[in-house]
Amino acid sequence: MTPILYSFRRCPYAMRARLALTISGVGVELREILLRDKPQAFLDASPSATVPCLVTPDGVIDESLDIMVWALQQNDPEGWLDMPEAGANWIRRADGPFKEALDHTKYATRYPEVDPEAARARACEFLNDLNDQIEAWIFERPSLVDYAILPFVRQFAFIDKGWFDAQDWPRLQNWLARFLATDRFGAIMMKYDTWQDGDPAIRFP
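Small disclaimer: the values here were computed from a predicted structure and weren't measured.

Asker: An account of the overall build of the protein is requested, with residue identities and associated values reported.
Answerer: If you tally the helices and strands in the protein, you get nine helices and five strands. Helices (α) and strands (β) of the protein occur, in sequence order from the N terminus, as β-α-β-α-β-β-α-α-α-α-α-α-α-β. Reported as C-alpha extents along the three principal axes, the dimensions of the protein are approximately 50 × 40 × 25 Å. Put simply, the protein has 205 residues, and 47% of those count as buried. In the protein, once contacts between residues fewer than 6 apart in sequence are set aside, the share between residues at least 24 apart is 70%. Carbon and sulfur atoms make up 48% of the accessible area of the protein, which amounts to about 10,200 Å² in all. Within the protein, the 31 negative side-chain charges are centred at a point lying 4 Å from the centre of the 22 positive side-chain charges.

Asker: How would you sum up the packing of helix α3 (residues 64–74) against helix α6 (residues 144–157)? Please name residues and give values.
Answerer: Where α3 contacts α6, the two axes come as close as 11 Å, and the packing angle between them is 145 degrees. The way α3 lies across α6 gives a crossing that is right-handed. Between α3 and α6, the residues in contact are Leu65, Met68, Val69 and Leu72 and Leu144, Tyr147 and Ala148, respectively. Class assignment for the residues of the contact of α3 with α6 results in seven nonpolar, no polar and no charged.

Asker: Break down the sheet that holds strand β3 (residues 53–56) for me, with residues and values.
Answerer: With respect to topology, five strands assemble into an open sheet ordered β4-β3-β1-β2-β5, the strand pairing being mixed. With partners counted over all chains shown, the strands left at the sheet margins are β4 (59–61) and β5 (203–204), one partner each. Contacting β1 (4–7), β2 (28–32) and β5, helix α1 (residues 12–24) runs over the sheet at an angle of about 145 degrees to β1. With respect to the sheet, α3 is in contact with β1, β3 and β4, its orientation differing from that of β3 by roughly 45 degrees.

Asker: Explain unusual backbone geometry to me, and be specific about the residues and the numbers.
Answerer: In the segment running from valine 51 into proline 52, the intervening peptide bond is cis, with an omega of 0 degrees. Along the chain, proline 52 falls in the loop between α2 (40–45) and β3. The backbone phi angle of alanine 49 is positive, close to 60 degrees, even though this residue is not glycine. Along the polypeptide, alanine 49 turns up in the loop between α2 and β3.

Asker: A description of a positive patch on the surface should follow, citing residues and the corresponding values.
Answerer: A contiguous patch of positive charge on the surface is contributed by Arg10, Arg36, Lys106, Arg110 and Lys191. Topologically, arginine 110 is positioned in the loop between α4 (86–106) and α5 (116–133). Relative accessible area serves as the criterion here: at 57%, arginine 110 is assigned to the exposed category.

Asker: So what about the packing of aromatic side chains? Which residues, and what values?
Answerer: Summed over all chains, the structure comprises 13 aromatic pairs. Centre to centre, the rings of tryptophan 80 and tyrosine 147 are 4.2 Å apart; their planes meet at 5 degrees, and the pair counts as stacked. Pair noted here: tryptophan 80 is in the loop between α3 and α4 and tyrosine 147 is in helix α6, with a separation of 67 residues, a long-range link. Accessibility classification places tryptophan 80 together with tyrosine 147 in one group, the buried group.

Asker: I'd like a description of the packing of α1 against α6, backed by residues and values.
Answerer: Orientation of α1 relative to α6, taken along the N-to-C sense of each, is 145 degrees, at an axis distance of 8 Å. Read as a crossing pair, α1 and α6 show a hand that is right-handed. Here Pro12, Tyr13, Met15, Arg16 and Leu19 of α1 come into contact with α6, specifically with Tyr147, Ala148, Pro151, Phe152, Arg154 and Gln155. Its residues assigned to classes, the contact of α1 with α6 comprises eight nonpolar, one polar and two charged.

How each quantity is defined
Residues numbered from 1 in each chain as written. Predicted model: local features only at pLDDT ≥ 70, side-chain atom pairs only at ≥ 80, totals over all residues. Heavy atoms only, no water. Helix = DSSP H or I, 4+ residues; strand = E, 2+ residues; numbered from the N terminus. Buried < 20%, exposed > 50% of the residue type's maximum accessible area, 1.4 Å probe, protein only. Contact = heavy atoms within 4.5 Å. Areas by Shrake-Rupley, 256 points an atom, 1.4 Å probe, with all protein chains shown as cover. Lys, Arg positive; Asp, Glu negative; His and termini not counted. Charge placed at Lys NZ, Arg CZ, Asp CG, Glu CD. Axes fitted to C-alpha atoms, helices over the stretch in contact; angles between N-to-C directions. Left-handed = near helix turned anticlockwise from the far one by under 90°. Nonpolar A, V, L, I, M, F, W, Y, C, P; charged D, E, K, R; others polar. Pairing = 2+ DSSP bridges. Patch = residues over 30% accessible without salt bridge, like charges linked within 9 Å, V, L, I, M, F, W, Y side chains within 5 Å. Salt bridge = Lys/Arg side-chain N within 4 Å of Asp/Glu carboxyl O. Phe/Tyr/Trp six-rings, centres within 6.5 Å; stacked < 30°, edge-to-face > 60°.

Take a look at the structure:
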């Protein structure tokens, strides 16, 4: 069986799963879904009912970072898994406090009890640290941590791109801009029709 990836194009978690699948070359059947109208086959597969969800012959992988590692363990041509131990802490900070602050900033109306400016300030603490860490990459060469975090920095940046570009984060801004200009980013952001049961399989990458 070809693994099946349930994905939503703009979701940063799904983006990073697609990035790892793209670089690994591990083929899957891509099923683009709408989060506001989740198909039953997806709900039956995903314990959390969130994307990305990868259905493999050996079981379901329901976490984006686990999908990245699964793909790279099969083929890792750029050595993304050869990451310093500190990379795991950067990912935890991105997935935890930074993502929470990002959501409180971007979706302020959903969190009326939270001050969006205070949330943005908390996000900036992480981004300040990240800017200080980056030279060309977070470590000496590109690794899992860069591609696990980039989709979330992109999401934050486009809340207010003018404001983001005006901040004193030159290395962070260059890191993001280089990523957005790559064919790799373009490849994972191709638009696909929403999947419906019975549709022909779409192979990815």
